[in-house]
Amino acid sequence: MKAIHKVARPGKVITLFFLAIGLLFSTLNPNSLSVAQAQQGGTVSLSGWFTIIRGDSRDGSETREIHMLATEDGRSVPLALDANAAQAAGGLLSLDRKRITVQGSWSGAPSAQGTPAAFRVDSVSLSQAPNAAAPASAITGTKKWISILCKFQDMPSQPATLSYFQNMYANAKPGLDHYWRQQSYNLISTAGSTAAGWYTLPAPYSSYFSAGGWFNLTKAARDCTNAANPSVNFSTYYGINLMFNSQNLDCCAWGGGDVLALDGPSKVWPITWMPAWGYQNIAVTAHEMGHAFGLPHSSGTYGATYDNEWDVMSDTWTGCSRSFDFTYGCLGQHTISYHKDSLGWIPASQKTTVTAGSAKNVLLEQLALPQTSNFKMVKIPIAGSSTRFYTVEARRLTGYDVQLPGTGVIIHEVNTNRYQAPANVIDIDNNEVTGDAGAMWTTGEIFRNNTYKIAVAVLASTASGYRVQVISGLNIYYVTGNIGVSNVTVNYTGGSTTTDSTGRYIFPVSPGWSGTVTPSKAGYSFSPSSRSYS
């Protein structure tokens, strides 16, 4: 149960709060790097574009990740690069889609996937790109995508028509243009996106798999786009959704980036690799496009990847029955405020930071379909850290967020050094279910972290959000209770508040406070009519 303190009887109303709270490689082209090269010893320096590619299984039992370096001479080199080695250059997340230089050595043996060994990285640094510029971290403006439909040489089936994929980008629900416009508050659009195909790949299905059973993403991307290139001008597009005619591309649907030269110089292309089960559920396509935009997963705190019901970048399945389309399957919910902010979708005027030794009363606006210009995100640094902090957001059942399990204030603990899933939703009952009351903070409830004296108190609901008080590094007292009637005005010495739909109320008071609490509502009488506390 959450830590909720109620006014039960005189003398017990004031409570002191201090706060609630194998590396996998699959896409190396064996022909682009000889085993002799892979096994040579000594320290080597390589430069190129770094990309993170993430794979998501259909049943949520497996997630995979590939760290890839695309060198200037056209090689795709899988890197054995851990978070510690990347930290000096800003961390793995900050390096994604950037040009880097790595120092290290070839690991000296073929990888488990049957390709030449990965390059083992000892150190990494950002390096200046000679020609192309790295993608900006903010994703705004028109982002045209093209879906390239490719069928394997020995598999003639076409699971969906060309018009199915073209209409997937519609600007009406559940189309992807409509979805990403709503996600980004109209800061991005996929207008002009389309699809082309089906094209036949130059090789049979089995040739795209390594001896270890991994789908060769780079080979598939090059063959599929090369097949389409005579009839597609790629220079007019931002990203590529590769749609294959098999239900299985090893374990997963994949999203991230790869370096290709398509109707222009080589650059990092946002790319997804979709099996049929992925594009038959548009929520999966949205999830993988999120990876292609550079978003990681979020999660709960249970060691799983797909257990955050508040984020399309985690659990896209649990709420499927609440948001389903008979043509395009499950529809995704919104992503979380931390992700929206990282893509540049929350302006400075709609986010605030509460530092140690301060307190703020904040009007939080719902994250989906906001009705006001109130704050969309509160950030609370933990122990003054720039890499570890809480985020606070309001979620309500509106827009694509009808997929959500409920309504409330949602809190995430973010650690940017935890690059695979930096944001973990706070689920106070620790029951491994993030869609119940343990993760939804409502009026009268207070999240606490005693160690750092951080508190998030939900003071009241509004028409499209919540009024919260956020404290860091201070001792704060609250009076809270339940009258059992909604919209009751609760006057107290020093101010007033209103009960929520369940009759709950809460208000902060200073240390040593004493006074009188008096409820009032037209047509109602209360017994006793007031109470005094000291």
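Residues numbered from 1 in each chain as written. Predicted model: local features only at pLDDT ≥ 70, side-chain atom pairs only at ≥ 80, totals over all residues. Heavy atoms only, no water.

### Considering the side chain of Glu65
Examined against the element boundaries, Glu65 turns out to sit in strand β3 (residues 63–71). Of the polar contacts made by the side chain of Glu65, one reaches the side chain of His67; its length is 2.8 Å. A polar contact is formed between the side chain of Glu65 and the side chain of Tyr419, at a distance of 3.0 Å. (Helix = DSSP H or I, 4+ residues; strand = E, 2+ residues; numbered from the N terminus. Polar contact = N/O pair within 3.5 Å; in protein donor to acceptor, adjacent residues only side chain to side chain.)

### Brief notes about the state of the cysteines
For the coordinates displayed, the defined rule picks out three disulfides. With a sulfur-sulfur separation of 2.0 Å, Cys150 is cross-linked through a disulfide to Cys224. The sign of the 95° torsion about the S-S bond sets the Cys150-Cys224 disulfide as right-handed. Linking Cys150 in strand β8 (residues 145–151) with Cys224 in helix α6 (residues 217–228), this pair joins segments that are 74 residues apart in sequence. In this pair, the class of Cys150 matches that of Cys224, namely buried. Residue pairing for Cys320: its cysteine sulfur links by disulfide to Cys330, the two sulfurs lying 1.8 Å apart. What sets the handedness of the Cys320 and Cys330 disulfide is the S-S torsion sign, and at about -90° it is left-handed. Taken together, the residues span a long stretch of sequence, with Cys320 in the loop between α8 (282–292) and β14 (324–325) and Cys330 in strand β15 (residues 329–330) at a distance of 10 residues. The class for Cys330 is buried, based on a relative accessible area of 2%. Taken in sequence order, the bonded cysteines of the protein chain link in the pattern 1-2, 3-4, 5-6. (Disulfide = S-S within 2.5 Å. Buried < 20%, exposed > 50% of the residue type's maximum accessible area, 1.4 Å probe, protein only.)

### A word on the environment of Phe526
Inspection of the secondary structure assignment puts Phe526 in the loop between β29 (515–520) and β30 (531–533). Spatially, the C-alpha atoms of Phe526 and Ile483 are 9.2 Å apart, while their sequence positions differ by 43 residues. The contact partners of Phe526, leaving out residues within four places of it in the chain, are Ile483, Val488, Pro519, Ser520 and Lys521. (Contact = heavy atoms within 4.5 Å.)

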